[in-house]
Amino acid sequence: MAERSFAREVEHLRLGAGDVFSGEAILAITKGLLQSGVAYVGGYQGSPISHLIDVLADAKDVLDELGVNFQSSANESTAAAMLSASVMYPVRGAVAWKSTVGTNVASDALSNLASGGVTGGAMVIVGEDYGEGSSIMQERSHAFAMKSQMWLLDPRPDHACIVDLIEKGFQLSEASNTPVMLQVRVRTCHMHGSFPCKDNVPPPLTVAQAQSNPKRDLGRIVLPPAAYEHEREKIARRLPAAIDFVREHRLNEWFGPQEAPVGLILQGGMYNNVIRALQYLGLSDAYGNTQIPLYVMNVTYPMIDTEVAVFAQGKEAVLMIEEGQPEYLEQALHTVFGRRGIATRVRGKDVLPMAGDYTAQAIMTGLQRFLEESAPRFLGNRPPVPDAGPVLTHPVVEKLKDVVPSRPPGLCTGCPERPIFAAMKMVEQELGAHHVAADIGCHLFSILPPFNLGNTTMGYGLGPASAAAFGAKAEKRSIAVMGDGGFWHNGLTSGIGNAVYNKHDGVFLIVDNFYSSATGGQDILSSRAQNKARATNNPIIDAVKGMGAKWVREIDRTYDVARMRDTLKEALTTEAEGPKIIIASSECMLNKQRRIKPLVAKRIKNGERVVKERFGVDEDVCTGDHACIRLSGCPSLSVKALDDPLRDDPVAAIDNSCVGCGNCGEVSEAVALCPSFYRAEVVHNPTAWERRWNRWTLSVIAFLQRRRATRRLALEVA
């Protein structure tokens, strides 16, 4: 069950010539692929292109009508390997994933693909998740493009430009026999806009037709001596062909006046923020009518030497606006100018941040400094602002740090992973700390308060693999944590298979929440849902036993904290040899609520009887020790001060976001029996008998309350 359904929006993919498409960029990218005659598509979900995979899955009928084959790939390496279909056959293919983690995984396949080259157009759409909002290490796709010599497209954030560049990107790939990468940033993916449509184009040659007529060209197989020739071919033929195509089709763009003492060279993806920064400085309007010349690189690799040389003519200085580090483009610009003897000064990271998001504010600050030093007349008749050194945080913001508590990311309300880590903390209190190898996914939040578990994280599905060095017999065993998404991504072989083969003595905890939850709730092999287009309900326990694992325990309700605790303790203390594997299963609460809330709302609207569970805390019983909060961390748990002057400590309280999972009470009871928690049932559309019973119980309670008040009054008078 994906985070969002595009079932209605995908109908817009049927629009043709004369129509105007309006909507999210993710849908525009899909439309661009269909207009380009793509024959097959694949990919692995991950921000910011998770929704692209969801759109493709929801557009199955549209794809089938055109003869387009779509596969949701097991991982990014699988997706990259799909592009081999374009090596021998003139079929266009596209795959997508989150970069740079996805490109890391796919690197081996991409290297082979780029070495042999392609016959049909091959495109990799990478979600360039760089900057403060990213969940990964701060790296760029540019290095991969240069390493394997794949052409890198960075389209200006405009629907028409993106769609046109997809079509031209396939043509560029075919003209130069080289795969291309098209990177789109977070802001671009979720941008709304419009563009004039073209008719969808069925692939001239489908993969089914290619499959029925196999071809073989030994020169395109990466094997000596052909592999040695591939490198020479890249330089002698493919690179010049790509440069000629980019130049002839004017894929890069010029904006603003032709002549000026300075100019800006920028990545296409930076265009909108640059225009906003210029607008703040009074040098452009909101529509891009700029007073300073812009050279927008919709193709950032290869750099077109002749174009940047022409742009630099007559200019005293140019500013290279390049997000991220190292400054690949700035260095290339220095090389071009140096070899051609161009005296124009190159500015870049000396006035702009070396790393981090290039927001409009960051660009504006750098632009202002660049213009003050190189062309102050653009800033009007005012004295230059002296360099104040590093930008300091506003004192008001600094004061807020003392009064506003930090809010690190955490698990959702009712998350079934909370009780797992609560059980680990209980075992830690009894047996001491263990080395915990964490993994990518929701469970990685366990490294933060209140759990503070996890020593390392090395990549998606690599939690068990990263514990390989700790497989020796020792006083304590290591614990490796991995989600079901990571398990099927590559953890089954690199983690479990490796541990079985090497007789690893550690504990492996597989968190099974029925979905690839962190990437948007997509179904996977072990999902419990019935998926018409995919084969689900393949148990993880069968896979690990098939790998040869002997000590395997399955807990099908993670909220049973006591059982989780005891199973973990058993795994850490047993005399059994080899890996100890625990599969802890409960449905992702976020996906569960998405699934059941519409059904419950419909039943209530139809007048059906519906019972909802809620939990609460009896404030007269609660002692205020807050063990439930310390070992749960659920966002619905809070504290409440009492009016009783004899009780200074605030008691636990549960707010209205509670989903009734019962974890707080389970945690408390697993540590020490806590009678302050109670469960209430809220009945919608009650029966006539329930209404009568409710009236009677309320009248009895009211009678007892009045009697108690009377007795208290009598005692006070006496």
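Report follows, based on the coordinates. Computed from a prediction, not measured in an experiment: that's the story for all the values here.

Now for the overall build of the protein chain. The number of helices and strands found in the protein chain is 25 helices and 24 strands. By its C-alpha atoms, the protein chain is 105 × 70 × 60 Å across when sized along the principal axes. Counting across all 718 residues of the protein chain, residues that qualify as buried make up 52%. The long-range fraction of contacts in the protein chain, counting pairs at least 24 apart against all pairs at least 6 apart in sequence, stands at 78%. Surface accessibility of the protein chain: about 33800 Å² in total, with carbon and sulfur atoms responsible for 54%.

Let us now look at the layout of surface pockets. Taken as a whole, the second largest pocket spans an internal volume of roughly 980 Å³. Ala 57, Ser 72, Asp 523, Asn 531 and Arg 534 are the residues nearest the centre of the second largest pocket, which is lined by 35 residues in total. Breaking the lining of the second largest pocket down by element, the ones donating at least two residues are helix 2 (50–58), helix 3 (60–66), strand 3 (69–72) and helix 19 (484–501). A per-element tally of the lining of the second largest pocket places helix 2 first, with five residues. A per-class count over the lining of the second largest pocket returns 16 nonpolar, eleven polar and eight charged.

With that out of the way, let us pick up the packing of aromatic side chains. The description of an aromatic ring pair rests on the distance of the ring centres and on the angle between the ring planes. By the definition in use, this model includes ten aromatic pairs. Where Phe 21 meets Phe 195, the ring centres are 5.2 Å apart and the plane angle is 35°; that geometry is what we call tilted. In this pair, Phe 21 sits in strand 1 (residues 20–24) while Phe 195 sits in strand 8 (residues 192–196), placing the two residues 174 residues apart along the sequence. The residues Phe 21 and Phe 195 share a single accessibility class, namely buried. A centroid spacing of 4.9 Å and a plane angle of 85° characterise the contact between Phe 487 and Trp 488, whose relative ring orientation is edge-to-face. We classify Phe 487 as buried; its relative accessible area is 0%. Geometry around Phe 311 places Lys 315 over its ring, the cationic atom sitting 4.5 Å from the centre. Residue placement shows Arg 377 over the ring face of Phe 378; its charged tip is 4.5 Å from the ring centre.

Right, let's talk about the packing of helix 13 (residues 305–312) against helix 14 (residues 328–340) for a bit. The N-to-C vectors of helix 13 and helix 14 enclose an angle of 75°; their axes lie 10 Å apart at closest approach. Relative to helix 14, helix 13 is oriented roughly perpendicular. Contacts from Asp 305, Thr 306, Val 308, Ala 309 and Ala 312 in helix 13 reach Leu 333, Val 336, Phe 337 and Arg 340 in helix 14. Of the residues contributing to the contact of helix 13 with helix 14, the split by class is six nonpolar, one polar and two charged.

Turning next to the pattern of salt bridges. The final tally for this structure, using the stated rule, is 31 salt bridges. Because the salt bridges share partners, they merge into one network encompassing Arg 347, Asp 350, Arg 369 and Glu 373.

With mixed pairing, five strands are arranged side by side in an open sheet as 9-11-10-13-14. Lying at the two open borders of the sheet, with one neighbouring strand each, are strand 9 (253–255) and strand 14 (345–347). Neighbour-to-neighbour, the strand axes of the sheet open up by a mean angle of 20°, direction not taken into account. The pairing of strand 10 (residues 262–267) with strand 11 (residues 294–297) spans four bridges and is classified as parallel. Across the sheet, residue Ile 265 finds its bridge partner in strand 11, namely Tyr 295. With respect to the sheet, helix 12 (residues 271–280) is in contact with strand 9, strand 10, strand 11 and strand 13 (317–321), its orientation differing from that of strand 10 by roughly 145°.

Time to look at the nonpolar core. Trp 97, Ile 125 and Leu 333 are the most contacted members of the largest nonpolar core, which totals 91 residues. The element that contributes the greatest number of residues to this core is helix 1 (residues 25–35), accounting for seven residues. Ignoring anything within four residues of it in the chain, the contact list for Leu 333 reads Ile 265, Met 303, Val 308, Val 318, Met 320 and Val 346. Counting residues in hydrophobic clusters, the runner-up holds 30 residues, among them Leu 264, Val 296, Phe 370 and Phe 378.

Further remarks concern unusual backbone geometry. Generally, phi is negative for residues other than glycine and the peptide bonds are trans, each holding for most cases. For the bond from Ser 47 to Pro 48, the omega torsion is 5°, close enough to zero to count as cis. Of note, the bond from Gln 325 into Pro 326 is cis; its omega dihedral lies within 30 degrees of zero at 0°. Mapped onto the fold, Pro 326 is located in the loop between strand 13 and helix 14. For Gln 149, which is not glycine, the phi dihedral falls at a positive 55°.

Within helix 13, the full set of buried residues consists of Glu 307, Val 308, Ala 309, Phe 311 and Ala 312. Elements in contact with the buried residues of helix 13: helix 11 (226–248), strand 9, strand 10, strand 11, strand 13 and helix 14. Where helix 13 ends, the next residue or the one after it, Gly 314, has phi of about 80°, a positive value.

This part is about the sheet that holds strand 5 (residues 122–128). Across a sheet, paired strands are connected by hydrogen bonds in the backbone, their directions being either parallel or antiparallel. Ordered by their spatial adjacency, seven strands build an open sheet running 3-2-4-5-7-6-12, and the pairing between neighbours is mixed. Where the open sheet ends on each side, the last strands, each with one partner, are strand 3 and strand 12 (299–301). Put simply, the sheet's adjacent strands are angled 20° from each other on average, direction ignored. Across seven bridges, the pairing between strand 4 (residues 93–99) and strand 5 is parallel. Bridge pairing in strand 5 places Gly 93 opposite Ala 122. Of the strands in this sheet, strand 4, strand 5, strand 6 (151–153) and strand 7 (180–185) are in contact with helix 8 (residues 159–176), which crosses strand 5 at around 130°.

With 14 residues, helix 17 (residues 418–431) should reach 20 Å at 1.5 Å per residue; the first-to-last C-alpha distance of 20 Å fits that figure. Counted residue by residue, helix 17 has ten buried out of 14 residues, so it is predominantly covered. Along helix 17, the positions that sit buried rather than exposed are Arg 418, Pro 419, Ile 420, Phe 421, Ala 422, Ala 423, Met 424, Lys 425, Met 426 and Val 427. After helix 17 finishes, the residue Gly 432 shows a positive phi value of roughly 95°.

Every other side chain in a regular strand lies on the same face of the sheet, so the side chains alternate between the two faces. The buried fraction of strand 20 (residues 580–585) is high, at six of six residues. In strand 20, alternate side chains face the same way, and those of Lys 580, Ile 582 and Ala 584 on one face and Ile 581, Ile 583 and Ser 585 on the other are all buried. The pairing of strand 19 (residues 551–555) with strand 20 spans five bridges and is classified as parallel. Across the sheet, residue Trp 551 finds its bridge partner in strand 20, namely Lys 580. Handedness of the crossover joining strand 19 and strand 20 through helix 21 (residues 561–573): right-handed.

Following the sequence through the fold, Glu 24 ends up in strand 1. Once you skip the residues sitting within four places of it in the chain, Glu 24 turns out to touch Arg 4, Phe 6, His 51, His 159, Cys 189, His 190, Met 191 and His 192.

Two elements in contact, helix 17 and helix 21, have axes separated by 8 Å at closest approach and are oriented at 50°. Of the possible angle classes, the one that applies to helix 17 and helix 21 is oblique. Considering only the axes of helix 17 and helix 21, their crossing is right-handed. On the side of helix 17, the interface is formed by Pro 419, Ile 420, Ala 423, Met 424, Met 426, Val 427, Glu 430 and Leu 431, while helix 21 contributes Val 561, Met 564, Arg 565, Leu 568, Lys 569, Leu 572 and Thr 573. Class assignment of the residues belonging to the contact of helix 17 with helix 21 gives a composition of eleven nonpolar, one polar and three charged.

What counts, and where the lines are drawn
- Residues numbered from 1 in each chain as written.
- Predicted model: local features only at pLDDT ≥ 70, side-chain atom pairs only at ≥ 80, totals over all residues.
- Heavy atoms only, no water.
- Helix = DSSP H or I, 4+ residues; strand = E, 2+ residues; numbered from the N terminus.
- Buried < 20%, exposed > 50% of the residue type's maximum accessible area, 1.4 Å probe, protein only.
- Contact = heavy atoms within 4.5 Å.
- Areas by Shrake-Rupley, 256 points an atom, 1.4 Å probe, with all protein chains shown as cover.
- 1 Å grid on protein atoms, 1.4 Å probe; cavity = no way out; pocket = protein on both sides within 12 Å on 5 of 7 lines; lining within 4 Å.
- Points joined across faces, edges and corners; volume = space filled by probe spheres on them.
- Nonpolar A, V, L, I, M, F, W, Y, C, P; charged D, E, K, R; others polar.
- Phe/Tyr/Trp six-rings, centres within 6.5 Å; stacked < 30°, edge-to-face > 60°.
- Lys NZ or Arg CZ within 6 Å of the ring centre and 35° of its normal.
- Axes fitted to C-alpha atoms, helices over the stretch in contact; angles between N-to-C directions.
- Parallel < 35°, antiparallel > 145°, perpendicular 65-115°, else oblique.
- Salt bridge = Lys/Arg side-chain N within 4 Å of Asp/Glu carboxyl O.
- Pairing = 2+ DSSP bridges.
- Core = buried A, V, L, I, M, F, W, Y, C linked by side-chain atoms within 4.5 Å.
- Expected span 1.5 Å × (residues − 1).
- Right-handed = clockwise from strand over helix to strand, strands pointing away.
- Left-handed = near helix turned anticlockwise from the far one by under 90°.

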